[in-house]
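Residue-level structure breakdown
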Amino acid sequence: MCAIVGVFDTKEASRVAYYSLFAMQHRGQEATGISVSDGEKISKIKKKGLVTEVFDEAALKFLKGNSAVGHNRYSTAGSKSVLDAQPIHASYKLGEISIVHNGNLINKDEVRNALIDEGAIFQSEMDTENIIHLIARSQEEHLRDRIVEALNIVKGAYCLIIQSRHKMFAIRDRYGVRPFCLGRLEDGGYIVSSETCAFDLVGAEFIRDVRPGEMIIFDKDKEGFESIQLFEPTPRVCAFEYIYFARPDSVIEGKSVYAVRQEIGKALARENKIDADLVIPVPDSGVSAAMGYAQESGIPFEMAIVRNHYVGRTFIEPTQAKRDMKVKLKLSPIKEILKGKRIVVVDDSLVRGTTSKRIIKILKNAGAKEVHMCIASPTIEHPDIYGIDTPSYEELISANMSVEEIREYIKADSLSFLSIDALKKSIGEDMDYSLVSFNGDYFIK
Ligand code: AMP
């Protein structure tokens, strides 16, 4: 998870970064930060909390300059300490630099231990800190060559934005696991961000996705931007972005997230024909897929579960007991719609089974006669180590139980999942995807 944004050569860069991060709050709610350069120095603010809590007018005025990088944190690597918030900033031989990162580096410990052996001192638990150390220790004369050297050492999934006082570098790993897009601001400046929904809010025009393996360089002294293909592209865009993470109004690799989710819902209906009176979504994660299911099956769609938007995501709470309570706080049923009905309920994914179990109880208590749980993704049987917060094998219910055992555990009348094949077809067969949580294909070696 996590959201990153970089804006270059624009007025009030911190404000543009702020709105972009606000648009991408769904990608991480733990901490947020912005770093700004005015050409002479870099100023930064990062804290725990939501974008609107951390930044006020005074903060944006303090963050003066024409280039900014920003980050919303959802901890996938590292601890929950504020030291693990981004941007990470450092002063080194060539001046100041700030880095934001979305993704996970798989050889974090190996690189970190080697650096520690050589005397490096770490401030955080973050894998991203390895990159800043590698850049600082490189003997190359130019920052760009230092970055290339560092990226030849780290392995994993990354979208990175590296800010110096005068330049900005945007880099996507050769697999393009996490989304990353490039756009043009109204005043001629540039923007790179995790999702296109940020462009819509700040009035930026979409240019294209940052290519897998590409480094884009923005330089004040040069027109436009420079593009260097650092690594041979072998695209494996994360399927989970389409299933759950990204906002439905975003477009990833030319594919509307909303349209993909609807396709997935239709495929789910074709693969699992159920005799039912109503299709209802688990809001908000199951809405687009449930609509697709209803359209394909002809079964009426109702919003029979109301979501309280003032509760954070269930996943964030560390203990099982608290998670149960949070689902209850967040979702409540409309009894008048549900009473005596056979319900198909659609959610995007089943991880530990907590949400589904709780929802089925809520629906049955509200008078539903039958509850058929339809999950708009395949069974999650493997932890994703490329930047998604899926838990370990022990906690993944589908890694430990058969579909029938899960059905019994969550007390559903039936339980169905989407096949991997249908998932691929729904997103589009023109690309390869990262399907690691479903098939255990850990392709980054
Ligand atoms: P669980 O209750 O553990 O089975 O988790 C499934 C629920 O969590 C679904 O409603 C998903 O929308 C949501 N979900 C799936 N993956 C994530 C994630 N990485 N972070 C937060 N929520 C998630």
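Up top you'll find the structure we're talking about.
Residues numbered from 1 in each chain as written. Predicted model: local features only at pLDDT ≥ 70, side-chain atom pairs only at ≥ 80, totals over all residues. Heavy atoms only, no water.

**Description of the nonpolar core**
Grouped together as the largest cluster of nonpolar side chains are 49 residues, with contacts concentrated most on Tyr242, Tyr293, Val346 and Leu423. Elements with a contribution of two residues or more to this core: β14 (237-238), α8 (239-245), α9 (257-271), α10 (287-297), β20 (342-347), α16 (420-427) and α17 (436-439). The leading source of residues in this core is α9, at six residues. In terms of domain composition, this core takes at least three residues from each of domain 1 (3-235) and domain 2 (260-439). Discounting chain neighbours no more than four positions away, the residues touching valine 346 are Leu268, Val279, Ile280, Pro281, Val282, Gly286, Ala289, Ala290, Tyr293, Cys374 and Ala376. Ala13, Val54, Leu60 and Cys181 belong to the second largest nonpolar core, which has 28 residues in total. (Core = buried A, V, L, I, M, F, W, Y, C linked by side-chain atoms within 4.5 Å. Buried < 20%, exposed > 50% of the residue type's maximum accessible area, 1.4 Å probe, protein only. Helix = DSSP H or I, 4+ residues; strand = E, 2+ residues; numbered from the N terminus. Domains from an automatic or database assignment. Contact = heavy atoms within 4.5 Å.)

**Notes on the packing of helix α4 (residues 108-117) against helix α5 (residues 128-137)**
In contact at an axis separation of 10 Å, α4 and α5 are set at 40° when each is read in the N-to-C sense. One finds that α4 runs oblique with respect to α5. Taken as a pair, α4 and α5 cross one another with a handedness that is left-handed. Here Lys108, Val111, Arg112 and Leu115 of α4 lie close against α5, whose contacting residues are Asn130, His133, Leu134 and Arg137. (Axes fitted to C-alpha atoms, helices over the stretch in contact; angles between N-to-C directions. Parallel < 35°, antiparallel > 145°, perpendicular 65-115°, else oblique. Left-handed = near helix turned anticlockwise from the far one by under 90°.)

**A look at helix α1 (residues 13-23)**
For α1, the buried fraction is high: nine of the eleven residues fall into the buried class. Buried residues of α1: Ala13, Ser14, Arg15, Val16, Ala17, Tyr18, Ser20, Leu21 and Ala23, and no others.

**Re the sheet that holds strand β22 (residues 414-417)**
Pairing within the open sheet is parallel, and its four strands lie in the order β17-β20-β21-β22. At either margin of the open sheet sits one strand with a lone partner, and together these are β17 (278-281) and β22. With strand direction ignored, the average angle separating the axes of adjacent strands in the sheet is 20°. As judged from the four bridges shared by strand β21 (residues 370-375) and β22, these two strands associate in the parallel manner. The residue bridging histidine 372 from the neighbouring strand is serine 414, located in β22. Lying on the sheet, helix α13 (residues 354-365) is in contact with β17, β20 and β21; it crosses β21 at an angle near 155°. Strands in contact with helix α15 (residues 403-410) are β21 and β22; relative to β22, the strand with the most contacts, it is inclined by about 130°. (Pairing = 2+ DSSP bridges.)

**Concerning the environment of proline 333**
By the secondary structure assignment, proline 333 is in strand β19 (residues 331-333). The class for proline 333 is partly exposed, based on a relative accessible area of 27%. Considering only alpha carbons, one finds proline 333 and asparagine 365, 32 residues apart in sequence, at a separation of 9.1 Å. When near neighbours in sequence (up to four residues on either side) are disregarded, proline 333 contacts Ala304, Ile305, Leu338, Ile362 and Ala366.

**Thoughts on the site of the ligand**
Around the ligand, the surrounding shell holds 16 residues, and the nearest of these are Asp347, Asp348, Arg352, Gly353 and Thr355. Serine 285 places a polar side-chain atom, nitrogen or oxygen, 3.2 Å from an oxygen atom of the ligand. Note that an oxygen atom of the ligand is positioned 2.8 Å from one of the backbone N or O atoms of valine 351. Protein coverage of the free-state accessible area of the ligand, which is 500 Å², stands at 96%. (Near = heavy atom within 4 Å. Polar contact = N/O pair within 3.5 Å; in protein donor to acceptor, adjacent residues only side chain to side chain. Areas by Shrake-Rupley, 256 points an atom, 1.4 Å probe, with all protein chains shown as cover.)

**Looking at helix α6 (residues 143-151)**
Helical periodicity: at 3.6 residues per turn, an α-helix aligns residues three or four positions apart in one direction. Every buried residue belonging to α6 is among Leu143, Arg146, Ile147, Ala150 and Leu151, and all of these are buried. Angular distribution of buried residues about the axis of α6 spans 130°; they occupy a single face of the element. Structurally, α6 contributes buried residues whose contacts are with β5 (88-92), β6 (95-105), α5, β7 (156-163), β8 (167-172) and β12 (214-219). (Arc of directions from axis to C-beta.)

**Concerning the packing of aromatic side chains**
Throughout the structure, instances matching the rule amount to 14 aromatic pairs. Ring geometry for phenylalanine 8 versus phenylalanine 218: centroids 5.7 Å apart, planes at 25°, classification stacked. You can see phenylalanine 8 sitting in strand β1 (residues 3-8) and its partner phenylalanine 218 sitting in strand β12, a full 210 residues away along the chain. We note that phenylalanine 8, like phenylalanine 218, is buried. Members of the aromatic cluster, each reached through a chain of ring pairs, are Phe8, Tyr190, Phe218 and Phe225. Against the face of phenylalanine 8 rests lysine 220, its NZ or CZ located 5.8 Å from the ring centre. The ring of phenylalanine 443 has arginine 236 sitting right over it, with the charged end atom 4.2 Å from the ring centre. (Phe/Tyr/Trp six-rings, centres within 6.5 Å; stacked < 30°, edge-to-face > 60°. Lys NZ or Arg CZ within 6 Å of the ring centre and 35° of its normal.)

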